[in-house]
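Architecture and fold: a report
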Amino acid sequence: MTAPLSKGRSELRQALLSSRGALTGVAVFSAVVNLLMLTGPLFMLQVYDRVLSSHSSATLLVLFAIVAFLYGLMGFLDHVRGRVLARVGARFQARLDGRVFRAVLKQAEHPGLREQPAGGLRDLSSIQAFLSSPLPGAAFDLPWTPLFLAILFAFNMWMGWLGLAGGIVIGVLAFANQRLTQKSQADAARLARDADAATERTRKQIETVRALGMMGPLVSRWHAVRETALEAQIAASDRGGGLTAATKAFRLLLQSAVLALGALLVLDGQLSAGAMIAGSILLGRALAPIEQVIGQWATFQ
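Here we summarise the structure given alongside this text. (Residues numbered from 1 in each chain as written. Predicted model: local features only at pLDDT ≥ 70, side-chain atom pairs only at ≥ 80, totals over all residues. Heavy atoms only, no water.)

Topic: the packing of aromatic side chains
Tallying each qualifying case throughout the model produces one aromatic pair. A centroid spacing of 5.2 Å and a plane angle of 85° characterise the contact between Phe153 and Trp161, whose relative ring orientation is edge-to-face. Accessibility expressed as a relative area gives 30% for Phe153, which makes it partly exposed. (Phe/Tyr/Trp six-rings, centres within 6.5 Å; stacked < 30°, edge-to-face > 60°. Buried < 20%, exposed > 50% of the residue type's maximum accessible area, 1.4 Å probe, protein only.)

Encoded structure:
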């Protein structure tokens, strides 16, 4: 049993390593995209601390032209990154499609396994969908969160601590979301598979069922299985959705809290108005990948 599992893991690893160059490119694109994310905060710093004080419309126009170019470049690189990840997912599926299909056919040769649903190809498609989703991109953005928090500390120590504490709270909420929804989502997935298996059995036995006049009871039993699966899915969605919504609301509150703290520091002469606005933007950017990972992760559990 161990040998086939080891071989399977090796095949999965090799399939991913075949796209190592593309993933390296994605990491480089992510680095540039995240550095370009500093465009907004830097623009705010210049506008509030230089343009407004100097009343120079020419400086504002030049700054805006630079910002427009940098945001355009960022959007282009983000688009390219998404396209590359989609092709990584497609290559992964293409490399394993034949292998998984042969395994499905081999399963059908065994009488004891023939009636079990063949979910290998569906699972492979799920992995491909995961690799093509926004989640890997958010995972590549996540390591840049400490940089944005470090810049917050550079603006002001208290803003940095507030941002760090907020990030920890969001991380705790994410962990709680994982722990609270793991079992319910696993149960929902199992019941969904049972419902699919019941559908397949009904389809295969339709002639016998009609001949015996058992269509009514069989349909009722099928409905019961489907309703149980739907109830489990709704329960899992409700539980996970509540924590996801709480995380989003907390992040927005945290941005307002940083803005309020920045305003107090401006009134006290410890911070400029530009740094106040830039700090709020930086915090939102720092925590956005965490929220995105939380929101997308439940989809692929």
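So, next bit.
Side note on the side chain of Ser30
Turning to its location among the elements, Ser30 is positioned in helix H2 (residues 20–36). If sequence neighbours within four positions are ignored, Ser30 has contacts with Arg81, Phe140, Asp141 and Trp144. (Helix = DSSP H or I, 4+ residues; strand = E, 2+ residues; numbered from the N terminus. Contact = heavy atoms within 4.5 Å.)

Here we look at H2
Relative to the 24 Å expected for 17 residues at 1.5 Å per residue, H2 spans 24 Å between its end C-alpha atoms, a close match to the ideal helical length. Listed in full, the buried residues belonging to H2 are Val26, Ser30, Ala31, Val33, Asn34 and Leu36. (Expected span 1.5 Å × (residues − 1).)

Topic: the environment of Gly25
Secondary-structure assignment places Gly25 in helix H2. With 59 residues separating them along the chain, Gly25 and Val84 place their C-alpha atoms 8.4 Å apart.

Brief notes about a nonpolar patch on the surface
On the surface, Phe153, Met157, Trp158 and Trp161 cluster together into a nonpolar patch covering about 460 Å² of accessible area. In terms of residue count, the dominant contributor to the nonpolar patch is helix H9 (residues 157–204) (three residues). Checked against the element boundaries, Phe153 lands in helix H8 (residues 145–155). (Patch = residues over 30% accessible without salt bridge, like charges linked within 9 Å, V, L, I, M, F, W, Y side chains within 5 Å. Areas by Shrake-Rupley, 256 points an atom, 1.4 Å probe, with all protein chains shown as cover. Salt bridge = Lys/Arg side-chain N within 4 Å of Asp/Glu carboxyl O.)

Considering unusual backbone geometry
In this model, His55 sits at a positive phi of 55°, which is unusual for a non-glycine residue. Inspection of the secondary structure puts His55 in the loop between helix H3 (39–54) and helix H4 (57–109). For His55, a relative accessible area of 70% puts it in the exposed group.

Examining the environment of Ser256
Looking at where Ser256 falls in the secondary structure, it is placed in helix H11 (residues 215–267). Accessibility expressed as a relative area gives 45% for Ser256, which makes it partly exposed. Spatially, the C-alpha atom of Ser256 lies 9.9 Å from that of Gly284, the residues being 28 residues apart in sequence.

Thoughts on the pattern of salt bridges
Oppositely charged side chains are able to pair whenever their charged atoms sit close together. If you walk through the whole model with that rule in mind, you get three salt bridges. A salt bridge links Arg81 to Asp141, with the nearest nitrogen and oxygen atoms 2.8 Å apart. Here the residue Arg81 occupies a position in helix H4, and Asp141 occupies one in helix H7 (residues 134–141), the gap between them amounting to 60 residues. Each member of the pair, Arg81 together with Asp141, is buried. For Arg285, the salt bridge identified is with Asp141, shortest N-O distance 3.5 Å. Pair noted here: Arg285 is in helix H12 (residues 273–297) and Asp141 is in helix H7, with a separation of 144 residues, a long-range link.

Some thoughts on the nonpolar core
Counting residues in hydrophobic clusters, the biggest one holds 21 residues, and the most contacted among them are Met159, Leu271, Leu283 and Leu287. Secondary-structure elements contributing two or more residues to this core are H8, H9, H11 and H12. Broken down by element, this core gets its largest block of residues, nine residues, from H12. Not counting residues within four places of it along the chain, the set of residues in contact with Met159 comprises Leu152, Val258, Leu261, Leu265, Leu271, Ala275 and Gly279. Counting residues in each nonpolar core, the second largest holds six residues, with Phe92, Leu96, Val100 and Leu124 among its members. (Core = buried A, V, L, I, M, F, W, Y, C linked by side-chain atoms within 4.5 Å.)

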